Amino acid sequence: MINRTSPPSLPNPLLELLHVDRHYRAGETSVKALDNVSITIWPGEFVAIVGQSGSGKSTLMNLIGCLDRPDSGQYRIDGREVSGLDPDQLAALRPETFGFVFQRYHLLGNCSALENVEIPAIYAGWEKPLRVRRARNLLTRLGLAERCNHRPAQLSGGQQQRVAIARALMNDPPVILADEPTGALDSASGEELMVLLRELHEEGRTILLITHDDRIAANADRIVSMRDGKIIEESPPRIPQGVNHLQARRRGAAGWFPEVIESCKTAMRALRVNFFRTTLTLLGIIIGVAAVVTMLAVGEGTRQQVLDQIREMGTHLLAVRPGAPGLRGSGDVATMTPQDASAIEEIPNVVSVVPERYARVTARNGNIDYATTVQGVNADFPAVNDWIVTQGDFFTVRDYQRYAPVAVLGKTVLETLYAEGENPDGTYILVQNIPFEVIGVMAGKGADIRGNDQDDSIFIPLTTGMIRLFGQNYLNNITVRVGDLDEIDKTQGAIEKLLLHRHRTEDFRVRNRAAVLETATEAQNTLSVLLGTVGAISLLVGGIGVMNIMLVSVTERTREIGIRMASGARKWDILLQFNTESVVVCTIGGLFGVTAGIGAGMLLSLLGMRVIFSPLPALLAFSCAFATGVIFGYLPARKAARLDPVAALAAE
């Protein structure tokens, strides 16, 4: 019969389990890993828990180390009931109380020995200089001063186990839990390890050793034997006199910012390990961000180009054309006359009126024939359309009134009919075999918003054209320039009222170019939104790729998550780490994407496309990339944070 009576002179128990049960489900079968287990551990004891595989000793250690919780019973640490604490409360308690030494060492392969030892102090809130100094001192004490910057793969089994012990001592916990610490070591290394554990015990630490080897258990002062989830034999405690409870030297939290910095460093380290996969993930974000930046820049360039062309046509202008509203192709309808233009001149706010008639003709200079457009206009045409004459002069009011056979050439016509550098002033060309004297050349205007070459025209007095070329007295268009742009709608209404009175029917259309500008602006804004949406879809696809890769990463790094939880990581810490990795990927991808988008836009600009960059689209695309990291990284991070520490540590 086991005597559990506490001597009256003994201090309070450090660890106390009373009638603890722990069940696991294996399919439809319930396995009783611990069955009504009660055990008391006193401060400063060296206890070995012995049993064969499946006896329940590892489950008992997990419960003692707050990696697991009992289904029933009580568990007290230094008199505090902890069986009902939530996972984050248990995570906060672990680094203050326990240091873990595992059979498989459980070191992070992508971290150096020094970085592995630091892990518990990170989650305990130690500042970096303090924890680095502490970790280096521990490794030096354990004979690993020259191996601080080596990774686990570069260390022997004994050296890896000593790194694990240094990690267990990092927060100076009162209890060391060693689970089969010699199981993966040769006999010499195993003996060295036991000597080290004895030294730690002599310093006042409580040691719990889990083993199936009776020779290893003989190093302990007290042996507890287990079988089938029950304690079957237990030697009495032997507590040294004067032992006090050791208090973990927990440092105050350094704040959230250092925690975020550490998460970023851990993220960069993890991403370097899977460089190729990270690069492919980055590529999806880069393409998405670059698409947003480039397409919005192209959309803005196209919008400005269209608006500039409309502004060049003039926003103070009204265009009056024959034909009923909604009727297309009505430019040759004979309903608009020069007398209508004269009547419009009398309306208030009208500054100038240009009646227009045009036709396709054949022009000849010497032996060169060229099919072009001839436009009959009045002397106000250059002023109304903001179109200057670069060589010679435009015809005058006197030329208009005298039906003078004079012509002003567009730039395209000049380049076609005359040799380079040849002066056309004073020369004659034939227009439909009628001679016209060339008196000037218009400035180059380029294509209009429909893509038509505005320079492919010959300008003559409308009066001359009506008699010698057109043969009919009607107009294709009347252009009206107003004085006050704020009154343009009122002026348009007056013109419509006048023409309706003169024609007795609505056989005309009046177009407000300011309204055209507004409509074009809306259309181009819609185009920009459409292009931005296409880029955003690319970014969304990249975000789904990030989430997929992070889910794979959580699966691959389950054991690492368990190690971090055993070292004191809370759910928030794991959530922060994995979400930070996602954000880091998307942030780097966003920076490269903005750069790539600007580069692509510059290339398109060199190819002749108008591209306009502005800070807002680049900032918006980068912000979306950052938000993508947060949103699409949350689900994998939450999955990682919800892992069970025991199951995570057991993962391969």
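Preceding this paragraph is the structure being described.
First, a word on scope: everything that follows refers to the structure included in this document. Keep in mind the model is a prediction, meaning the values are calculated, not measured.

Cut-offs used in this document
- Residues numbered from 1 in each chain as written.
- Predicted model: local features only at pLDDT ≥ 70, side-chain atom pairs only at ≥ 80, totals over all residues.
- Heavy atoms only, no water.
- Helix = DSSP H or I, 4+ residues; strand = E, 2+ residues; numbered from the N terminus.
- Buried < 20%, exposed > 50% of the residue type's maximum accessible area, 1.4 Å probe, protein only.
- Contact = heavy atoms within 4.5 Å.
- Areas by Shrake-Rupley, 256 points an atom, 1.4 Å probe, with all protein chains shown as cover.
- Phe/Tyr/Trp six-rings, centres within 6.5 Å; stacked < 30°, edge-to-face > 60°.
- Lys NZ or Arg CZ within 6 Å of the ring centre and 35° of its normal.
- Pairing = 2+ DSSP bridges.
- Patch = residues over 30% accessible without salt bridge, like charges linked within 9 Å, V, L, I, M, F, W, Y side chains within 5 Å.
- Salt bridge = Lys/Arg side-chain N within 4 Å of Asp/Glu carboxyl O.
- Lys, Arg positive; Asp, Glu negative; His and termini not counted.
- Charge placed at Lys NZ, Arg CZ, Asp CG, Glu CD.
- Polar contact = N/O pair within 3.5 Å; in protein donor to acceptor, adjacent residues only side chain to side chain.
- Axes fitted to C-alpha atoms, helices over the stretch in contact; angles between N-to-C directions.

## As for the overall build of the chain
- Looking only at helices and strands, the chain features 20 helices and 20 strands.
- Looking at the chain residue by residue over its 652 residues, the buried ones come to 50%.
- For the chain, restricting intrachain contacts to residue pairs at least 6 apart in sequence, the fraction spanning at least 24 positions comes to 77%.
- Surface accessibility of the chain: about 30500 Å² in total, with carbon and sulfur atoms responsible for 54%.

## Quick look at the packing of aromatic side chains
- Scanning all chains against the criterion turns up seven aromatic pairs.
- Arranged with centres 6.3 Å apart and planes meeting at 45°, the rings of Phe98 and Phe100 form a pair that is tilted. Comparing Phe98 with Phe100, the two get one shared label, buried.
- Centre to centre, the rings of Phe381 and Trp387 are 5.9 Å apart; their planes meet at 45°, and the pair counts as tilted. Side by side, Phe381 and Trp387 carry an identical accessibility label, which is buried.
- Counting every residue linked through ring pairs, the aromatic cluster contains Phe381, Trp387, Phe394, Phe395 and Phe459.
- The residue whose ring lies beneath Arg357 is Tyr474, and the NZ or CZ to ring-centre distance is 3.9 Å.

## Observations concerning the pairing of strand 19 (residues 477-482)
- Among the six residues in strand 19, five count as buried, and that is most of the element.
- Relative to strand 19, strand 11 (residues 317-322) runs antiparallel, the two being bridged by four bridges. The residue of strand 19 that forms the bridge with Leu317 is Arg481.
- The sheet contact formed by strand 12 (residues 350-365) and strand 19 spans six bridges and is antiparallel. Looking at the pairing, Ser352 lines up with Arg481 of strand 19.

## Digging into a positive patch on the surface
- Residues Arg69, Lys571, Arg638 and Arg642 make up a contiguous surface patch of positive charge.
- The residue Arg642 is located in the loop between helix 19 (615-641) and helix 20 (645-650) in this model.

## A short note on the side chain of Lys445
- Mapped onto the secondary structure, Lys445 falls in the loop between strand 17 (434-442) and strand 18 (457-461).
- By relative accessible area, which is 17% here, Lys445 ends up buried.
- One polar contact links the side chain of Lys445 to the main-chain carbonyl oxygen of Asn385, over a distance of 3.4 Å.

## Some thoughts on a nonpolar patch on the surface
- A cluster of nonpolar side chains, Phe276, Leu280, Leu283 and Ile287, forms an exposed patch at the surface whose accessible area comes to about 430 Å².
- Position of Ile287 relative to the elements: it lies in helix 9 (residues 275-313).

## What about the sheet that holds strand 6 (residues 98-101)?
- The sheet built from six strands is open, its strands ordered 6-7-8-3-9-10 with mixed pairing. Edge strands, defined here as strands with exactly one partner in the open sheet, are strand 6 and strand 10 (230-234). Taking each pair of neighbouring strands and ignoring which way they run, the sheet shows an average axis angle of 20°.
- With five bridges connecting them, strand 7 (residues 175-179) and strand 8 (residues 206-211) associate as parallel partners.

## Comments concerning the pattern of salt bridges
- Following the criterion strictly, the structure yields 21 salt bridges and no others.
- Residue Glu203 is joined to Arg205 by a salt bridge in which the shortest nitrogen-to-oxygen separation is 2.6 Å.
- The residue Arg502 makes a salt bridge to Asp340 at a minimum N-O spacing of 2.7 Å. One end of the pair, Arg502, is in helix 15 (residues 488-503); the other, Asp340, is in helix 10 (residues 338-344), and 162 residues separate them in sequence.
- Because the salt bridges share partners, they merge into one network encompassing Arg141, Asp172, Glu203 and Arg205.

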